[in-house]
Amino acid sequence: MANCLQCKSFFPIPEGADDFEPGKGDCVRQEQDAKGKWFESKPVMGDTPSDKCPKFAQKK
Amino acid sequence: MATRHQPIEYKGKVIEFPFDNPVEETIPDSELHEHLAKPTTERTKRLKARCRWKHSAGGEFVEGDVKAGIERMRLITEAYKKDTGKPHVIRRANLLSNLLNNCTVIVQEDELIVGFNAENPNFVPLYPEQSYMACMDYILDPKIAPQPVEEAKELAEFWIEHSLQKKCETYFTQHELEVMYSMSTLETPGFATGFNSVVPPYETVIEDGLLKRIEMAEQHIAVAKEVLGSENWNAPERLKLLPQIDIWQAMIIASKAAIAWARRHGRLCRIIAENFETNPKRKEELLMMADICQRVPAEPCQGLRDGMQAKWFTFLICHALERYSSGYAHKPDKLFWPLYKASVIDKSFQAMSHEDAVELFECERLKISENAPGKSRGYREVFPGSNDLFIFTLGGLERDGSDGCNDCTDAILEAARNIRTTEPSIVFRWNPKGRLKTKNLVFQCVRDGLGYPSIKHDIIGTQQMMYFAQFSQNKNGATIEEAHDWANVLCMSPGLVGRRKTQKSRSEGGGSIFPAKIMEVTLNNGYDWSFTGMQSGLQTGNVEDFKTFDDIWEAFRKQYRWGMDLMIRAKDVSRYWETKILENPFISAIDDGCMELGRESMELSEQPNGWHNPITTIVAANSMIAIKKLIFDDKKYTFAELKKALHSNWEGFEEMRKDFQNAPKWGNDDPYADEIVKAFYEDIISGEMRKIVNYSGGPVLPTGQAIGLYMEIGSRTGPTPDGRYGGEACDDGGISPYMGTDKKGPTAVLRSVSKVNAATQKANLLNQRLSAPIMRSDKGFKIWLAYMNTWHDLNIDHIQFNVVSNEEMKAAQQEPEKHGDLIVRVAGFSARFVDLSTYAQNTIMARHEQDFEPGDFEYLGLEL
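What comes next concerns the included structure. All figures in this text were calculated on a predicted structure; none of them were measured in a lab.

Scoring rules and cut-offs
- Residues numbered from 1 in each chain as written.
- Chains lettered and ligands numbered in written order.
- Predicted model: local features only at pLDDT ≥ 70, side-chain atom pairs only at ≥ 80, totals over all residues.
- Heavy atoms only, no water.
- Helix = DSSP H or I, 4+ residues; strand = E, 2+ residues; numbered from the N terminus.
- Buried < 20%, exposed > 50% of the residue type's maximum accessible area, 1.4 Å probe, protein only.
- Contact = heavy atoms within 4.5 Å.
- Areas by Shrake-Rupley, 256 points an atom, 1.4 Å probe, with all protein chains shown as cover.
- Lys, Arg positive; Asp, Glu negative; His and termini not counted.
- Charge placed at Lys NZ, Arg CZ, Asp CG, Glu CD.
- Rg over C-alpha atoms; globule rule 2.2 N^0.38 Å.
- Pairing = 2+ DSSP bridges.
- Axes fitted to C-alpha atoms, helices over the stretch in contact; angles between N-to-C directions.
- Buried area = accessible area lost by both parts, 1.4 Å probe.
- Salt bridge = Lys/Arg side-chain N within 4 Å of Asp/Glu carboxyl O.
- Phe/Tyr/Trp six-rings, centres within 6.5 Å; stacked < 30°, edge-to-face > 60°.

## Focus: the overall build of chain A
For chain A, the count of helices and strands is zero helices and three strands. Within chain A, the fraction of its 60 residues that count as buried is 40%. By sequence separation, contacts in chain A at least 24 residues apart represent 44% of the contacts at least 6 residues apart. Summing over all exposed atoms, chain A offers an accessible surface of approximately 3700 Å²; the carbon and sulfur share of this is 55%. A distance of 10 Å separates the average location of the 10 positive side-chain charges in chain A from that of its 10 negative side-chain charges.

## Looking at the overall build of chain B
The number of helices and strands found in chain B is 35 helices and 23 strands. On C-alpha atoms alone, chain B measures out to a radius of gyration of 27 Å, which is about the 29 Å that the 2.2 N^0.38 rule sets for 864 residues. If you line up chain B on its principal axes, its C-alpha atoms span 80 × 65 × 55 Å. Sequence separation of 24 or more characterises 77% of the internal contacts of chain B that already satisfy a separation of 6 or more. Averaging the positions of the 103 positive and the 123 negative side-chain charges in chain B gives two centres separated by 2 Å.

## Considerations on the pairing of strand E19 (residues 767-770) of chain B
All names here are of chain B. The alternating pattern of E19 places Asn767 and Arg769 on one face and Gln768 and Leu770 on the opposite face, and all of these are buried. In terms of strand pairing, E19 meets strand E20 (residues 798-802) through three bridges, oriented parallel. The partner of Arg769 across the bridge, within E20, is Asn802. Note: E19 against strand E23 (residues 849-850), two bridges, orientation parallel.

## Let's talk about the sheet that holds strand E2 (residues 24-33) of chain A
Taken in spatial order, the four strands line up as E1(A)-E2(A)-E3(A)-E6(B) in an open sheet, and their pairing is antiparallel. The open sheet has two edge strands, strand E1 (10-12) of chain A together with strand E6 (105-108) of chain B, and neither has a second partner. Averaged over all pairs of adjacent strands, the angle between strand axes in this sheet comes to 30 degrees, irrespective of strand direction. Relative to the sheet, helix H12 (residues 241-275) of chain B contacts E1, E2 and strand E3 (36-45) of chain A together with E6 of chain B, its axis offset from that of E6 of chain B by approximately 45 degrees.

## Re the pairing of strand E1 (residues 5-10) of chain B
Residue and element names in this part refer to chain B. For E1 and strand E2 (residues 13-17), the ladder comprises four bridges, and the chain directions are antiparallel. Pairing of Tyr10 across the sheet is with Lys13, part of E2. From the end of E1 to the start of E2, which pair antiparallel, there are two residues, and Lys11 there has a positive phi angle of about 50 degrees.

## Section: the interface of chain A and chain B
The partner chain B presents 30 residues to the 18 residues of chain A that form the contact. Each partner contributes to the roughly 2000 Å² buried at the junction of chain A and chain B, and carbon and sulfur atoms together form 52% of this total. Per-residue buried area on chain A facing chain B is highest for Lys35, Trp38 and Phe39 of chain A; these three make up 33% of the total on that side. Here Arg267 of chain B makes a salt bridge to Asp19 of chain A, at a shortest N to O gap of 2.8 Å.

## Digging into the sheet that holds strand E16 (residues 610-614) of chain B
All names here are of chain B. If you trace the four strands from one edge of the open sheet to the other, you get E13-E16-E17-E18, paired in parallel fashion. With partners counted over all chains shown, the strands left at the sheet margins are strand E13 (509-513) and strand E18 (763-764), one partner each. By the bridge criterion, three bridges tie E13 to E16 in an arrangement that is parallel. Within E16, the residue paired with Ser512 across the bridge is Asn613.

## Re the packing of aromatic side chains
All names here are of chain B. Taken as a whole and judged by the stated rule, the model has 40 aromatic pairs over all chains. Where Phe428 meets Trp430, the ring centres are 6.1 Å apart and the plane angle is 80 degrees; that geometry is what we call edge-to-face. Here Phe428 falls in the buried class, since its relative accessible area comes to 0%. Between Trp784 and Phe801 the ring centres are 6.3 Å apart and the planes differ by 70 degrees, which places this aromatic pair in the edge-to-face class.

Listed below in structure tokens is the structure:
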């Protein structure tokens with residue numbers, strides 16, 4: 001089963017960061033509406049199953 | 001075509017009034033404001049065009065995408081449920097930490113300052129720990145409900161038992177709660193509405209950085225533990241250290257979370273730059289922003305970009321994330337002067353031009369314009385055409401008595417003039433030492449119809465800080481130097497800014513009482529016949545039995561005193577519970593007093609600053625004048641006849657109504673009227689209020705103002721003896737003449753207002769509308785400056801202006817889509833005209849446009 005680690009949106013949090021935990025990353029996505037674009041980031045564990053995530057996009 | 005002011009004959013000369021900007025000769029009056037915006041850069045032009053306004057009109061958000069978010073509710077509840085058994089202040093710190101570590105962080109395209117208060121830039125956060133009713137306003141409205149709504153309902157319901165509202169209600173009778181919750185004689189207390197204010201000590205964040213604050217707290221804990229473990233245990237002395245250790249520990253948790261959260265923004269900027277952004281210039285900007293967020297607020301700020309970002313992060317935590325507070329109280333020209341100097345003048349760090357600084361301040365204005373809390377519907381109605389109260393203060397004097405205006409002051413004013421947003425509003429502290437260059441920029445903002453800066457008398461404010469200092473319970477009130485460092489806490493009332501001693505809660509000062517409605521119930525033995533149908537006040541007698549004017553005067557006094565006692569009791573009960581369940585560990589961490597003493601921000605109060613807002617006072621005062629004149633002096637009518645007329649809403653009593661309407665009115669330099677109003681303000685409005693001693697040990701003083709409540713309370717107030725019909729708006733400012741009744745010119749108003757001793761009041765809002773053709777003429781600044789200098793010399797606390805033609809407002813009513821830039825001053829805040837209800841718009845149009853005549857020029861000592 002795919003998980004967040006395999007997603008294009010997953011960026012591992014570097015060691016030394018205040019919120020570093022092994023396997024933890026930022027889920028970064030670009031959003032847009034009529035007013036314009038923005039990026040949002042939420043913390044996520046890499047081993048979180050992504051089968052229910054509508055925005056999952058496999059890393060190449 | 002534009003309307004030029006007709007020539008005036010003055011001192012033997014004919015004075016012409018050509019436009020200061022000749023181009024305006026050809027701009028029709030009906031569209032002037034649409035030509036005034038000049039954003040400094042293409043970026044701020046773009047940011048304004050796509051601004052996610054959070055304005056409300058008639059309680060509804062103007063922009064359809066605005067909704068409540070669920071993230072804050074979810075994350076604070078998750079933390080709170082896990083944490084039972086820990087000291088409460090640590091639970092509050094963990095609640096904040098869970099929120100900051102796990103919330104969504106956002107970076108929008110084009111922006112230079114990052115950070116938002118909810119998970120989507122169109123959302124507003126909710127505060128279930130403060131007010132269940134305010135949350136339900138959203139949950140029950142499908143247009144704006146947080147999703148999934150069932151989860152939101154469960155979260156809100158969890159907090160009922162833990163909420164401030166539930167804790168405080170126990171101490172009031174059912175009748176007292178009904179009177180307060182009916183919002184007609186008294187404002188519903190903050191423990192039920194969730195409305196709050198705070199003055200964060202930004203200075204410690206900018207100057208020290210949070211890592212230093214953590215180090216300080218750690219050292220305090222280490223010393224405390226040493227004392228605990230030292231020889232000869234002494235319980236009464238040493239047990240006091242336990243809660244102090246908890247508070248310092250909570251400060252550390254909160255500060256670390258704040259640093260990590262800021263750095264998450266930096267990391268996001270870097271990820272965008274390295275993986276998504278293709279424009280090299282924007283890539284460079286994002287990397288610069290990543291560096292800034294990595295360093296601040298962890299470390300002291302070194303340049304202006306650092307300062308703006310650190311302040312923004314601090315603002316979000318203090319006003320939106322740790323707890324909701326309205327406001328934006330600080331003095332940015334003083335706060336940022338060292339950073340402006342480093343960046344713009346010395347160019348030693350984050351080198352930039354003055355125009356770059358102006359751009360940054362424009363960006364800030366647009367960030368504020370996108371920021372809103374999840375306020376209750378009632379409070380969205382009270383601030384029509386705006387998103388909340390965001391007000392900062394400029395000018396005044398430095399601690400050493402030198403002019404507080406500097407080039408940073410000017411950059412902030414230029415940004416306001418250029419970008420034209422309703423928020424943040426600005427207060428300017430007027431002192432004779434203030435430089436002319438800055439005062440001219442203040443004038444330009446006023447002339448352009450922004451409604452701000454509103455002007456405060458600098459010396460009155462400073463003296464007031466000294467006055468309250470004497471009541472400090474730990475004998476550490478403001479020093480003479482510190483008393484110079486003040487800003488308006490919200491719209492009107494001064495409070496200290498700085499590293500400590502700032503106001504931390506609206507339970508110290510804020511909240512309202514409504515004299516017009518109190519007058520109405522006084523006339524009916526305490527009974528509210530026109531709105532609630534209940535006994536809203538004391539039984540002070542049937543007015544038909546009153547023999548002298550003193551009888552009605554004293555009856556009103558009793559009603560007012562009862563209401564005031566209840567209001568301050570409500571605030572202090574709230575304060576008591578805020579110290580126990582709404583601690584703010586982050587605010588405590590950045591306050592030097594809290595840090596030094598190991599005391600929490602809600603509990604420690606070094607500088608009392610008690611006030612309460614009488615709103616609709618002039619309707620009551622004008623009513624007193626009419627009663628004295630027509631019932632007791634002229635004996636033309638009896639109270640019985642008056643009551644009959646009022647209970648008919650004057651229908652069938654038109655002649656009588658005209659008599660009461662034409663009785664002397666406040667604001668015309670009329671000795672008969674003014675003597676009564678002076679006594680009303682000093683003897684009752686202030687005299688009764690200042691008998692109260694509040695939580696902080698000081699008196700409570702009246703801050704007369706209005707915000708949008710003059711309309712809301714007007715709609716709930718029946719007909720009054722000043723000739724007003726039931727449901728009509730009341731007076732639009734604390735000491736402002738009633739709309740349209742100030743007929744003797746602008747200087748007559750000043751003379752009236754000057755008769756009330758400003759030292760007996762906390763503040764009093766004076767709304768004036770000045771002639772647009774005069775203000776926009778080449779003599780506008782000279783006339784206005786003379787007017788302002790006279791205002792100052794008359795020792796008047798405050799003044800603010802509308803400069804807008806009825807032609808433009810009528811055109812905007814017809815075609816609102818063409819008048820998005822038309823801004824008006826409501827009272828205490830400015831609003832986009834087209835976002836106001838028609839009822840509200842009409843009250844602005846009804847305000848008398850003061851024109852200047854030769855007699856006024858003479859009084860002002862003008863040479864033209």
